[in-house]
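Single-letter residue listing:
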Amino acid sequence: MKERLRSLLKTLMLTPGLSGHEDRVRRRIEKELADLPLSMRTDRLGNLIATLEGDEGAPSVMLFAHTDQLGFMVRKIEDNGLVRIERLGGIPEKALPAQAVLFCVGEGRDVQGVIANKSHHATPPEEKYKVTPYQEVFIDVGAEDAEGVKALGIEIGTPVVYDPRVIELNENRLIGTSVDDRAGCAVIVEVARALAAEGPRPTVHFVFAVLEEFNLQGAMVAARAINPDIAIQLDLALNADTPDMTQRGEVALGNGPAMSLYSFHGRGTLNGTIPHPALPKLFSDTASSEGINLQRTAHTGALTDSSYVQLVNEGVACIDMCFPCRYTHTSLEMCDLRDLEALTKLLIAAIRRVDADFSLNRDDYT
Ligand SMILES: [Zn+2]
């Protein structure tokens, strides 16, 4: 299982899919699921919904992750052939200079470029520790003028992502582009494979959602159509095991999957997720009986689209299940394959426990 996760995750990390332009990633996942007994459809926004029928008396489950990644859009092409960009999603400006990027002009025709960093020899002392705002950043694609840029297929509105890349570090760790949330997507494919192979199981809708890095609301549209009783989101948990992150909690890379007990954005958006009490209990009980170490997180500063999914229709019992991740939203995000494997096993065992007796009545959990 770990090797299958490694191989699919690498493929997905190398497939570009800026928010609003996720179709290549979706098609790759569709191919991966093609042999399973799922009914698949893609909605108008680009959400891929793959349904596996199960016990009709049990609450239905939506298991979802997002296919999109953050990046940029072309904002302006200068006469001298340099390209200006607009940011899309939570781009860390201090991690941009000297990065390679990819202009997604069409499969097989994509164009590489480099985010310029001012020559060190010309940098005065007062500029050495200054972050350049993205408005001042420019990208060099090797063209001599605007005509040269346009000849490459680049125009205003062309999607741009970090140049897709994977580096294998030691035995179990992968670092590269879009671990957030292609790792979640790879885990869902494995869960679908296992649940399809044998029962028992509730009806499960595997959703590969769009627009998370843009507005967190693509999955909400899928949830509205599916109307699930339970929704489980897979995304990253911030690590707390590097010297810069120790205040964030206790999550350590390689120490197992995590569940989120509280998230809140806290920077303008009044939203977050507090899980329905049935779900932390389901995952804690399953983890102890399966011998899986389950880490816990509770934090402000980030939210996922489960915060919107929980509010759909008459309310959906939601929880964020996570894999630990380092260096988030940079071009080199890190995860540990052992965490992904344990998360996969935990999800398979936990979803199997959702049967006709599984209660979502809050009074059963007080
Ligand atoms: Zn994410």
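Our structure is the block above this text.
Below or above, wherever it landed, is the structure these notes cover. (Residues numbered from 1 in each chain as written. Predicted model: local features only at pLDDT ≥ 70, side-chain atom pairs only at ≥ 80, totals over all residues. Heavy atoms only, no water.)

### Considerations on unusual backbone geometry
Applicable threshold: Segments assigned H or I by DSSP are reported as helices when at least four residues long, segments assigned E as strands when at least two residues long, and all are numbered from the N terminus. The rule is simple: take the accessible area with a 1.4 Å probe, protein chains only, and divide by the maximum for that residue type; under 20% is buried, over 50% is exposed, in between is partly exposed.
Put simply, Asp 180 and Asp 181 share a cis peptide bond, and its omega is 10°. Along the chain, Asp 181 turns up in helix α4 (residues 179-197). The residue after Gly 199, namely Pro 200, is reached through a cis peptide bond having omega -5°. Here Pro 200 is to be found in the loop between α4 and β12 (204-209). Its identity is not glycine, yet Asn 170 carries a phi of approximately 55°, on the positive side. Backbone geometry at Ser 178 places phi at a positive 60°, although glycine is not the residue there. Considering the arrangement of structural elements, one finds Ser 178 in the loop between β11 (173-176) and α4. Relative accessible area serves as the criterion here: at 7%, Ser 178 is assigned to the buried category.

### Side note on the pattern of salt bridges
Formally: Take a side-chain nitrogen of Lys or Arg and a carboxyl oxygen of Asp or Glu: if they are within 4 Å of each other, that pair is a salt bridge.
A complete count under the given rule lists 19 salt bridges for this structure. Across the pair Lys 76 and Glu 78 runs a salt bridge whose closest N-O atoms are separated by 3.5 Å. Where Lys 345 meets Glu 341, a salt bridge forms, and the shortest distance between an N and an O atom there is 3.7 Å. Of this pair, Lys 345 and Glu 341 both sit in helix α9 (residues 337-352), separated by four residues, roughly a single helical turn. Using a relative accessible area of 41% as the deciding quantity, one classes Lys 345 as partly exposed. Sharing partners across several salt bridges, the network here consists of Arg 4, Arg 28, Glu 32, Glu 190 and Arg 193.

### Description of the coordination of the zinc ion
Selection criterion: Water is not part of the atom set, so a site may look incomplete; the donors themselves are N, O and S atoms within 2.8 Å of the metal, or 3.2 Å for Na, K and Ca. Think of it this way: with four donors and all angles in the 85 to 135 degree range, the site is tetrahedral; with four or six donors, opposite ones beyond 155 degrees and the rest between 65 and 115, it is square planar or octahedral; otherwise it is irregular.
Taken together, His 66 (NE2), Asp 180 (OD), Asp 235 (OD) and Asp 235 (OD) make up the protein donors of the zinc ion, found 1.9 to 2.6 Å from the metal. Taken together, the four donor atoms surrounding the zinc ion define angles of 52 to 135° at the centre, an arrangement classified as irregular. Positions of the donor residues of the zinc ion, expressed as sequence spacing, correspond to H-x113-D-x54-D. With a gap of 169 residues between them, His 66 in strand β3 (residues 61-66) and Asp 235 in strand β13 (residues 230-238) connect regions that are remote in the sequence. The same class applies to His 66 as to Asp 235, namely buried.

### Regarding the pairing of β13
What counts is decided by this rule: Here, a strand pair is defined by DSSP locating no fewer than two bridges between the strands.
Among the nine residues that make up β13, eight are buried, leaving the element largely enclosed by the rest of the structure. For β3 and β13, the ladder comprises four bridges, and the chain directions are parallel. Residue pairing in the sheet places Val 61 in a bridge with Ile 230 of β13. Two elements, β13 and strand β17 (residues 317-325), share nine bridges in a ladder whose sense is parallel. Residue pairing for β17: Ala 231 is matched across the bridge by Cys 318.

### What about the side chain of Gln 233?
This is how it is decided: Contacts are residue-level and defined by heavy atoms, with any inter-residue pair within 4.5 Å sufficient.
Tracing the backbone through its elements, the reader meets Gln 233 in strand β13. Assessed through its relative accessible area of 0%, Gln 233 is described here as buried. Leave out the neighbours within four places in its chain, and Gln 233 touches Phe 64, Asp 181, Thr 304, Asp 305, Ser 306, Ile 319, Asp 320 and Met 321.

### Considering the sheet that holds strand β10 (residues 166-169)
Put simply, the rule is: Only the contacting stretch of a helix is used when fitting its axis, a line to C-alpha atoms as for every element, and angles between N-to-C directions run 0 to 180 degrees.
In space, the three strands of this open sheet follow the order β10-β11-β18, with antiparallel pairing throughout. The outermost strands of the open sheet, each flanked by one partner alone, are β10 and β18 (333-336). On average, each strand axis in the sheet is tilted by 25° relative to the strand beside it, whichever way the strands run. Two strands pair when backbone bridges link them, and β10 and β11 are joined in this way by four bridges, in the antiparallel orientation. Paired with Val 166 across the bridge in β11 is Gly 176. Against the sheet, helix α1 (residues 2-13) engages β10, β11 and β18, with an angle of about 5° to β11.

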